[in-house]
Amino acid sequence: MTDPEVVVYADGDLLAAATAARLITTLSDVQRAQGGASLVLTGGRTGVAVLEQVRDAPARDAVDWSRVDLYWGDERFLPAGHPDRNETQAREALLDHIGVPAERVHVMAPSDGEFGDDPDAAAAAYARLLAQRAPAGADVPAFDVCLLGVGEEGHTASVFPDSPAVHETNRTVVAVRDCPKPPPTRVSLTLPTIRAARQVWLMTTGQAKADAVATALGGADEVTLPAAGARGQQRTLWLLDTSAAAKLG
Ligand SMILES: O=C(O)[C@H](O)[C@@H](O)[C@H](O)[C@H](O)COP(=O)(O)O
């Protein structure tokens, strides 16, 4: 696992615009090197703001979106089309504006889909999808970039401190219940799955995140501070605004 690199921006708007530019450049470089690219999306205010900036970026189509496979790090277990679903927000922010083929958009099942209101079945189905798309000898794809947010108490994706999800070592995708952050039921990649990514980018803003950021980067263990366990195989980036970075040494 790679040690975190920290980049601090003056404010959230600049962080979102700069991260969008970084993402466009990274994905187009990856495509030049290997043909396709795979990206894990996140929910949350910061993650959606980055997607909106990608949508509006003049260089957006330097990425061949027809050759990008899109996944989610987590999903709120709600009916299809619900405004609080990460998928709904990602489609509005970006996916409806780019030519990504439907078969490359790998959504986590809604609560009114083929698995009904069973989040464990939805999680198991997503784990099977990841396994089908994994390289030989692996159970998940080597995602090129995994975007993540960070919660005030240190959660990332829907992996919360000292939760069953943070202790999970066998399953690659799990159902999460009684989440402190509404809605309470979700589907989430586990930290080992996140760590299969080549690059992991954690993006957060605001004073309310400063303690979690300082604790995570100060050496906290992942059970206490799950975001601390979000590391990439080749790169781990913490992308912050000055408020979220305020308590770093
Ligand atoms: O589904 C979710 O809620 C996200 O996956 C979650 O992990 C989010 O990224 C963080 O809670 C940060 O959210 P903000 O960027 O809105 O602070």
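Each value, and the rule that gives it
- Residues numbered from 1 in each chain as written.
- Predicted model: local features only at pLDDT ≥ 70, side-chain atom pairs only at ≥ 80, totals over all residues.
- Heavy atoms only, no water.
- Helix = DSSP H or I, 4+ residues; strand = E, 2+ residues; numbered from the N terminus.
- Rg over C-alpha atoms; globule rule 2.2 N^0.38 Å.
- Buried < 20%, exposed > 50% of the residue type's maximum accessible area, 1.4 Å probe, protein only.
- Areas by Shrake-Rupley, 256 points an atom, 1.4 Å probe, with all protein chains shown as cover.
- UniProt positions renumbered as here; feature names shortened; annotations may be inferred.
- Salt bridge = Lys/Arg side-chain N within 4 Å of Asp/Glu carboxyl O.
- Pairing = 2+ DSSP bridges.
- Axes fitted to C-alpha atoms, helices over the stretch in contact; angles between N-to-C directions.
- Contact = heavy atoms within 4.5 Å.

Caption draft 1: Spatial organisation of the overall build of the protein. The number of helices and strands found in the protein is 6 helices and 9 strands. Here the protein has a C-alpha radius of gyration of 17 Å; the compact-globule value for 249 residues is 18 Å, and the two agree. Dimensions of the protein, computed from the C-alpha atoms along their principal axes, are close to 50 × 40 × 35 Å. Looking at the protein as a whole, 54% of its 249 residues qualify as buried. Carbon and sulfur atoms provide 48% of the accessible area of the protein, an area that totals close to 10,200 Å².

Caption draft 2: A look at the UniProt feature "domain: Glucosamine/galactosamine-6-phosphate isomerase" (unreviewed entry) in the protein. Here, UniProt's "domain: Glucosamine/galactosamine-6-phosphate isomerase" (unreviewed entry) annotation points to residues 11–238. In residues 11–238, the share of helix is 30% and the share of strand is 15%. The end C-alpha atoms are 14 Å apart.

Caption draft 3: Focus on the pattern of salt bridges. Under the criterion given, the structure shown has 17 salt bridges. Between aspartate 69 and arginine 133 there is a salt bridge, with its nearest N and O atoms 2.9 Å apart. You can see aspartate 69 sitting in strand E3 (residues 68–72) and its partner arginine 133 sitting in the loop between helix H4 (119–132) and strand E5 (145–148), a full 64 residues away along the chain. By relative accessible area, aspartate 69 is classed as buried at 9%. Overall, arginine 133 belongs to the partly exposed group, its relative accessible area being 37%. What you see here is one network of salt bridges that share partners, running through Glu75, Arg85, Glu87 and Arg91.

Caption draft 4: Main features of the sheet that holds strand E1 (residues 4–9). With parallel pairing, the 6 strands of this open sheet are ordered in space as E1-E9-E8-E5-E2-E3. Each end of this open sheet is capped by a strand with a single partner; those strands are E1 and E3. Between one strand and the next, the sheet's axes are offset by a mean angle of 20 degrees, whatever the strand orientation. Inspection of the sheet shows strand E2 (residues 37–41) paired to E5 by 2 bridges, in the parallel sense. Paired with valine 40 across the strands is cysteine 146, a residue of E5. In the packing of helix H6 (residues 210–217) onto the sheet, contacts are made with E1, strand E8 (199–204) and strand E9 (235–241), and the angle to E9 comes to roughly 155 degrees.

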